[in-house]
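Below, each chain spelled out in residue letters.
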2 protein chains.
Amino acid sequence: MNTKAEILATGDEIRSGALVDSNSAWIAERLEETGLFVTRHSCVGDDLQELTRVIEEISLRSSLAVVSGGLGPTSDDLTAQAAALAKQTEIVLFPEALAAVESFFQKMNRPMPPSNKKQAMLPRGSSVIDNPVGTAPGFALEINSCLFFFLPGVPREMKEMCRDSVLPRIERIQGPGQQINRIRTITTFGLSESQAAEELKDFDSRFKEIKLGYRTLFPEIQVKLYITGSDQQHLENLEQEAVEWLVHKLGRNIVSAEGKSLPEHTARLLVRRKATLALAESCTGGLLAHCLTSLAGSSEYFLLSAVTYSNQAKQKMLNVSPKTLAAYGAVSEETALEMARGVKEAAGSDYSLSTTGIAGPGGATPGKPVGTVCFGLATPSALTARTLCFNFADRKMNQKIFAFAGLDLLRRQFL
Amino acid sequence: MNTKAEILATGDEIRSGALVDSNSAWIAERLEETGLFVTRHSCVGDDLQELTRVIEEISLRSSLAVVSGGLGPTSDDLTAQAAALAKQTEIVLFPEALAAVESFFQKMNRPMPPSNKKQAMLPRGSSVIDNPVGTAPGFALEINSCLFFFLPGVPREMKEMCRDSVLPRIERIQGPGQQINRIRTITTFGLSESQAAEELKDFDSRFKEIKLGYRTLFPEIQVKLYITGSDQQHLENLEQEAVEWLVHKLGRNIVSAEGKSLPEHTARLLVRRKATLALAESCTGGLLAHCLTSLAGSSEYFLLSAVTYSNQAKQKMLNVSPKTLAAYGAVSEETALEMARGVKEAAGSDYSLSTTGIAGPGGATPGKPVGTVCFGLATPSALTARTLCFNFADRKMNQKIFAFAGLDLLRRQFL
């Protein structure tokens, strides 16, 4: 039996439902990867009594716990106090924690508000966990026979601290010879979850030692392999075999067998070929450019996106002919082709991609319902157009599927 | 004190972190709207002992609970059995539940697999909750002095059954004259959470009946007022008074006293003035355009964003002079001004905003560290530039704060 671990999320936003708790799922996956067995998640609000009670309960039930939230500078941040009460000790000033908070403000060139001093008041007996990206230091503390890790609720801070400090410490405690849990992620695009499950229905009988899971990160579907055992080499071979089987079954719908996203993978393909890209976006409104430029290193291949909403902008920026717009409309393959050609010429890029469509809720015309999108794609040697129609009722979902479908057209040029 | 309620999510996918539990937040919000006070959420996996134990614990702690998950036909669906164990009774066949499952399959024109009969086996003493959209009937059951509602984990089924059956039943129990819970959200930009808390430190002594909370939706900070009482008119007056006090204290840092986001609010200001906007984005890489165009109705005011990453694109699309680029560099107020002027002319817009900066991780030059951003802002009557420097280590955070800081410059034109 593996060591039992629990997860606690704190805060009135989560308790009252104003905020969905995504921290706990992330923490659970990380803990299980180290070979721990997560038995329970709990969430309580900013209430000292409730918080103390649940910490006590966990301390008597499990060997390890990760707590997120309630380490901020305000009066409703009560986690350190509750931990001290549960351990029947007091909170005291930790000079190294105070120095860390102060140096954070110094780095930001801002004076430290007096209220932030509270963040360095931790239960006696704690060991401080460094926060490289925020003001709230975390702390580790043994209460009864349970080792608690207290981390901030801000996902980015919590994740960095988990990766940098908590997980390495857990791995040291767990030691070698433990159960190994491997999770392999394969990114797919173009199949629904049930279509993917249908394609892979023989998996379970073929790979009895692997559990198959699906996770929708709209519009991508991640296929996940959960592999558990004790022989590292055997698990690696098994994983390799299973991945090959998946690649065979899902074919071109596999974006990345290493779990990279479609934008990441497409960017990598362009960089590897030293090719440059320009975009002409109408219905995607800058989302395509944003998906690519939010990744570091995008200036290596990304030259320009002309987000041309108005017809005037399409004409002036992309040299789309007013006749084409009048004869075929802005949402047409003809316009998409001229947009792609126009932006390629303006940017002097090797490739270009254009989008023009109807994300909704308004804008539908007879024969062109909400969800219609036309793409233009220019490669060094060819210019092609493609029309697709999606059925999502939601503007943001339409924009996202339009952007990803466009990237997928581009990706398939390189297969 | 309001009646205490709890929420329990079950299932190995949530326990292990493969799936983020969004049901519990939804249920919490609905329960609090009825005047109940949600004290705790819990989650356990498909383990009969754990499940029974947590149901017992809740039954001794709270008056009402909503449980989701574990009502399916497979062997790891154990909720009914655990509820029976917690109540020290047995599961028996409920003919009306069986009839409902059978009629569901009939409606779908599919034969009922024998395994689905299990879904009609419920703890003795339950009352069946109809499931209009799936096979799993729910059930209500009193255990100790707690009334439990057991619902399926599929969000669509859970929500329909909550709305149709559970919430009306709770409202009947709660009766009239119940506690009212109001939540008011005020959006701020430009202060950190601790700066906002410092400005508002007198709030608690001034408005004793209101609980103040903060929520960081980076880079915005939402200030939240949690107002509880029984006299609707009194609460409304109190809320109004508190909002006026906040507006006085936080001044121009308040984006929207109705909780609108900075992009939403800025869009509304433009539409109200029938003004049009064009953008020239370098470091924000399309994110500014995306923030605005992801909102419905953006074509009313949004004409164009030229996402010009390369110098060539800045020259060709925006008419930025090569001399300016050579003399001052791409990240300079001089370039930002020419970008703003260029895109305003190209689009024929009333306003324009440009961004050029260094989001990192690469790209820093002496005197221009990562986090530096220059804005150009053109109004119908003036052209101004502004340089800001932020200290986030993260590319995505820099892009986001650059985009929002730019929008905030535009918003303040209308104050």
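It should be emphasised that the depicted structure is a prediction, and the values quoted were computed from it without experimental measurement.

A. Geometry of the pattern of salt bridges. Summed over all chains, the structure comprises 38 salt bridges over all chains. Residue Glu50 of chain A is joined to Arg40 of chain B by a salt bridge in which the shortest nitrogen-to-oxygen separation is 3.9 Å. Taken together, the residues Glu50 of chain A in helix H3 (residues 48-61) and Arg40 of chain B in strand S2 (residues 37-44) connect one chain to another. Residue Glu50 of chain A shares its accessibility class with Arg40 of chain B, and that shared class is buried. Measuring nitrogen to oxygen at the nearest pair gives 3.1 Å for the salt bridge that ties Arg30 of chain B to Glu33 of chain B. Of the two residues, Arg30 of chain B and Glu33 of chain B both sit in helix H2 (residues 23-33), 3 residues apart, roughly one turn of that helix. By relative accessible area, which is 16% here, Arg30 of chain B ends up buried. The exposure class assigned to Glu33 of chain B is exposed, which follows from its relative accessible area of 55%.

B. Local environment of the domain arrangement of chain A. For chain A, the assigned domains read domain 1 (4-174), domain 2 (180-256) and domain 3 (262-412). Placing a centre on the C-alpha atoms of domain 1 of chain A and another on those of domain 3 of chain A gives a separation of 44 Å.

C. Seen up close, the interface of chain B and chain A. With 78 residues of chain B at the contact, the number on the chain A side is 79 residues. Three residues, Arg15, Arg40 and Met317 of chain B, lead the burial of chain B against chain A; their summed loss comes to 11% of the area buried on that side. We note a salt bridge from Glu32 of chain B to Arg15 of chain A, for which the minimum N-O separation is 2.8 Å. Remark: the boundary between chain B and chain A carries 40 residue pairs in polar contact (both at pLDDT 80 or more).

D. Local environment of the pairing of strand S11 (residues 220-229) of chain A. All names here are of chain A. In terms of burial, S11 is a largely internal element, 8 of the 10 residues being buried. Here strand S9 (residues 180-188) runs beside S11; their pairing, made up of 9 bridges, is antiparallel. Directly across from Arg182, in S11, lies its bridge partner Ile227. Both strand S10 (residues 210-217) and S11 contribute to a ladder of 8 bridges, which runs antiparallel. Each residue of the ladder has a partner; that of Lys211, found in S11, is Tyr226.

So, how was this worked out
- Residues numbered from 1 in each chain as written.
- Chains lettered and ligands numbered in written order.
- Predicted model: local features only at pLDDT ≥ 70, side-chain atom pairs only at ≥ 80, totals over all residues.
- Heavy atoms only, no water.
- Salt bridge = Lys/Arg side-chain N within 4 Å of Asp/Glu carboxyl O.
- Helix = DSSP H or I, 4+ residues; strand = E, 2+ residues; numbered from the N terminus.
- Buried < 20%, exposed > 50% of the residue type's maximum accessible area, 1.4 Å probe, protein only.
- Domains from an automatic or database assignment.
- Contact = heavy atoms within 4.5 Å.
- Buried area = accessible area lost by both parts, 1.4 Å probe.
- Polar contact = N/O pair within 3.5 Å; in protein donor to acceptor, adjacent residues only side chain to side chain.
- Pairing = 2+ DSSP bridges.

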